[in-house]
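What the coordinates show
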Amino acid sequence: MCRLFGLTTGGPRVRATFWLLDAPDSLRSQSRRMPDGTGLGWFSLGEEPVRDRAPIAAFRDADFNSEARYVASHTFVSHVRYASTGAPDVRNSHPFVMDDRLFAHNGVVRGLDVLGSWLTDAERAMARGHTDSELVFAYITAQIRRHGDTRAGLIAAVGRIAAELPVFALNLLLAESGRLWALRYPDTHELWVLAPELTEPGAARHMSSGREPGRIDVTAHREACAAWIVASERMDDDPDWRLLDPGELLMLDGRQASSHFPFGTPAHPLTTADLSAAESVSQT
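Keep in mind that what you see is a predicted model, and the values were worked out from it rather than measured.

**A few points about helix α7 (residues 150-164)**
- For α7, which comprises 15 residues, the first-to-last C-alpha distance of 21 Å matches the rise-based estimate of 21 Å (1.5 Å per residue) to within 8%.
- When α7 is considered as a whole, its buried residues turn out to be Thr150, Gly153, Leu154, Ile155, Ala157, Val158, Ile161 and Ala162.
- With a side-chain oxygen positioned 3.2 Å from the backbone nitrogen of arginine 151, the residue opening α7 is aspartate 149.

Structure follows, in structure tokens:
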């Protein structure tokens, strides 16, 4: 299945090099199993979303590896793709950008013709590729505009999708400048969060590195700053990784975190047996 990664400090700009490239289970390492696309998104000094995408695996993408080492931001969203809907193509690679937000998705949502009918022509035109993910984002964006509030629009959009469309999984990351939302829905795929800890100079972080006694000094890899990390799988063996509960919508705003449970069980849940061969392979 696709892999999600999000980081936010709520303010200070840091590099995500450790998590993207150097962690025991970095996103670059995960991309060896996710060959169909790579994307990295962040926020510029002017607080505008920037993203770079390619329809190739991250470990083969020179731009991804360079940006992972040198770009500094308070918020990152990254994604490595195993295609289920839409061919490997730069337009189908995550993250997507709409209305100064970054978005990435892991899962399968069916009924795209119905979903498209909920959008105006202008709203549908925001989706440039051919993925269920981008169309879901277009609908979330439209609902945020209608409600005038990101949390309310996100809940309204996902709630209607869950009530009316077949859903296998709808794990997502949605980022604004300095804020990050993470949703695990329903319980099909995992989504993990690691709370901030301040890494002081000379400190060490516990890793599955194969070295005795299993600890490596990572201060050369990341800056001394606390950050929230959200990922599809635990990227090291830190015992503080927490698995989000099914249906949990986690909002990270600065150093503050709040969890919400606004969604019931999908009305039309899909099982693995309902998926096409390509979808089934991409979701395992």
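**Description of unusual backbone geometry**
- The peptide bond linking histidine 94 to proline 95 adopts the cis configuration, its omega dihedral lying at 0 degrees.
- Secondary-structure assignment places proline 95 in the loop between β4 (75-81) and β5 (96-98).
- Look at the link from tyrosine 185 to proline 186: it is a cis peptide, with omega at -10 degrees.
- Mapping proline 186 onto the fold places it in the loop between β8 (179-183) and β9 (192-194).
- At glutamate 47, a position not held by glycine, the phi torsion is positive, near 65 degrees.
- Overall, the relative accessible area of 34% leaves glutamate 47 in the partly exposed class.
- Its identity is not glycine, yet aspartate 100 carries a phi of approximately 65 degrees, on the positive side.
- As for its position among the elements, aspartate 100 is in the loop between β5 and β6 (101-109).

**As for the environment of glycine 116**
- As for its placement among the helices and strands, glycine 116 is situated in helix α4 (residues 112-117).
- Those residues in contact with glycine 116 that sit more than four places away from it in its chain are Arg124 and Leu135.

**A look at the side chain of glutamate 134**
- Structurally, glutamate 134 is set in helix α6 (residues 132-147).
- Non-local contacts of glutamate 134, meaning those with residues more than four positions away in its chain, are made with Arg91, Phe96, Met98, Met126, Ala127, Arg128 and Gly129.

Rules behind the numbers
- Residues numbered from 1 in each chain as written.
- Predicted model: local features only at pLDDT ≥ 70, side-chain atom pairs only at ≥ 80, totals over all residues.
- Heavy atoms only, no water.
- Helix = DSSP H or I, 4+ residues; strand = E, 2+ residues; numbered from the N terminus.
- Expected span 1.5 Å × (residues − 1).
- Buried < 20%, exposed > 50% of the residue type's maximum accessible area, 1.4 Å probe, protein only.
- Polar contact = N/O pair within 3.5 Å; in protein donor to acceptor, adjacent residues only side chain to side chain.
- Contact = heavy atoms within 4.5 Å.

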